[in-house]
Amino acid sequence: MEKIKKIKAGTVFSKYAIYLVFLVMFIASIFMSDNFIKPSNLINILVQVSPILIIACGETMVIIAGMTDLAPGAVLALAGCVGIGVTIQTGNAFVGMVVSITIGIICGLISGIAVSRFNIPPFIATLAVMNIARGAAYVYTGGKTIYNIGDFAFFGQGTILGIRAPIVFMVLITVISYIILKHSKFGRYLYAVGGNEYAAVASGIKAKKIKLIAYLIIGAYSGFAGVILCSRINSGLPSTGQNYEFDAIIGAIIGGTSFTGGVGSMGGTVIGCLIIALLNNMMNLMNVQSYWQSIVKGIVIMLAVGIDMAKKKSKM
């Protein structure tokens, strides 16, 4: 009986440990920099993390289903640049946004078909799409930056009811993703496919269809993240969004999403991404060189995946 209580206590601790880590980091950040707690800085953190968290919502679904996606950063750049270009041509920012999301969906469709229909490993398939999308962004822009984005700037710089637009969009997409994952049949099927695909298929779940839809969702999210980021930086830059997919994956895994599939939650992903955002913000406030920031992120990736694998082995 006592052993069972210890196991339950350990389970509860592991479930909420990530929230404790976030709280400790937040408090530590307050003492490490006087500028951290300023409202302008806190809002800036949320605005900066918005495209990463939006992508992370999609990555969470894909990873839960036992896959991964390395293309979002490049898809973000392509979608954002084309969206701005369409806005300039039509004078309609809404049309530009729709085109951006459509491009994201097309990229997700390519990845989804490659993985679900042709059984190409997700790493290889999405790596190929990443290169295609990044190359297409450079071809579309001629390697140049697109300026004068007009009304497209609203998505990254405007406000909705007094709240910065990127924060509002981030919250809406996170809530929608939570509902999909927690309260829909599709969400349950994602867990089933990621936990044991053969058992899922045997029980009547169309695993290939579930995988395809997951990639369509992350494609749409990546396209919209491109809208937010490019409008926030006030330009269409073909090199933008580099490594955003890795920050999103790190956030999801730190938040408890298992890299081997079948386990994860949107709540954990939100906290995981906020931890990454806090880490980035603190390194910037402390004037840590970008090279060292890359090293720190690499260590965090290795630790996150290592802890995830250790948890998986302990349950076997």
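Right above here is the structure, for reference.
All figures in this text were calculated on a predicted structure; none of them were measured in a lab.

Draft legend 1. Layout of the pattern of salt bridges. A complete count under the given rule lists one salt bridge for this structure. A salt bridge links glutamate 197 to lysine 211; the nearest nitrogen and oxygen atoms lie 3.0 Å apart. With a gap of 14 residues between them, glutamate 197 in helix 9 (residues 197–202) and lysine 211 in helix 10 (residues 207–232) connect regions that are remote in the sequence.

Draft legend 2. Broad picture of the packing of aromatic side chains. In total, this model carries six aromatic pairs according to the counting rule given. Taking the centre distance of 5.2 Å and the plane angle of 75° together, the rings of phenylalanine 26 and phenylalanine 36 count as edge-to-face. Remark: phenylalanine 36 occurs in the loop between helix 1 (2–32) and helix 2 (39–64) and phenylalanine 26 occurs in helix 1; sequence separation between them is ten residues. Taking relative accessible area as the criterion, phenylalanine 36 reaches 0% and is therefore assigned buried. An aromatic cluster is defined as three or more aromatic residues linked by ring pairs; in this entry it consists of Phe152, Phe154, Phe155, Phe169 and Phe224.

Draft legend 3. Structural detail: the nonpolar core. Met61, Leu190 and Phe224 are the most contacted members of the largest nonpolar core, which totals 61 residues. Elements supplying a minimum of two residues to this core: helix 2, helix 3 (72–90), helix 4 (93–116), helix 7 (165–183), helix 8 (185–195), helix 10, helix 11 (244–254) and helix 12 (266–285). No other element matches helix 10, which puts 13 residues into this core. Once residues lying within four places of it in the same chain are set aside, the contact partners of phenylalanine 224 are Ile54, Met97, Ile101, Phe169 and Ile173. Judged by nonpolar contacts, the second largest core, of twelve residues, contains Leu78, Val82, Val86 and Ile103.

Draft legend 4. How the structure looks around a nonpolar patch on the surface. Together, Leu20, Leu23, Val24, Ile27, Ile30, Phe31 and Ile37 make up a nonpolar patch on the protein surface, roughly 660 Å² of accessible area in all. When you line up the elements, isoleucine 27 lands in helix 1. A relative accessible area of 40% places isoleucine 27 in the partly exposed class.

Cut-offs used in this document
Residues numbered from 1 in each chain as written. Predicted model: local features only at pLDDT ≥ 70, side-chain atom pairs only at ≥ 80, totals over all residues. Heavy atoms only, no water. Salt bridge = Lys/Arg side-chain N within 4 Å of Asp/Glu carboxyl O. Helix = DSSP H or I, 4+ residues; strand = E, 2+ residues; numbered from the N terminus. Phe/Tyr/Trp six-rings, centres within 6.5 Å; stacked < 30°, edge-to-face > 60°. Buried < 20%, exposed > 50% of the residue type's maximum accessible area, 1.4 Å probe, protein only. Core = buried A, V, L, I, M, F, W, Y, C linked by side-chain atoms within 4.5 Å. Contact = heavy atoms within 4.5 Å. Patch = residues over 30% accessible without salt bridge, like charges linked within 9 Å, V, L, I, M, F, W, Y side chains within 5 Å. Areas by Shrake-Rupley, 256 points an atom, 1.4 Å probe, with all protein chains shown as cover.

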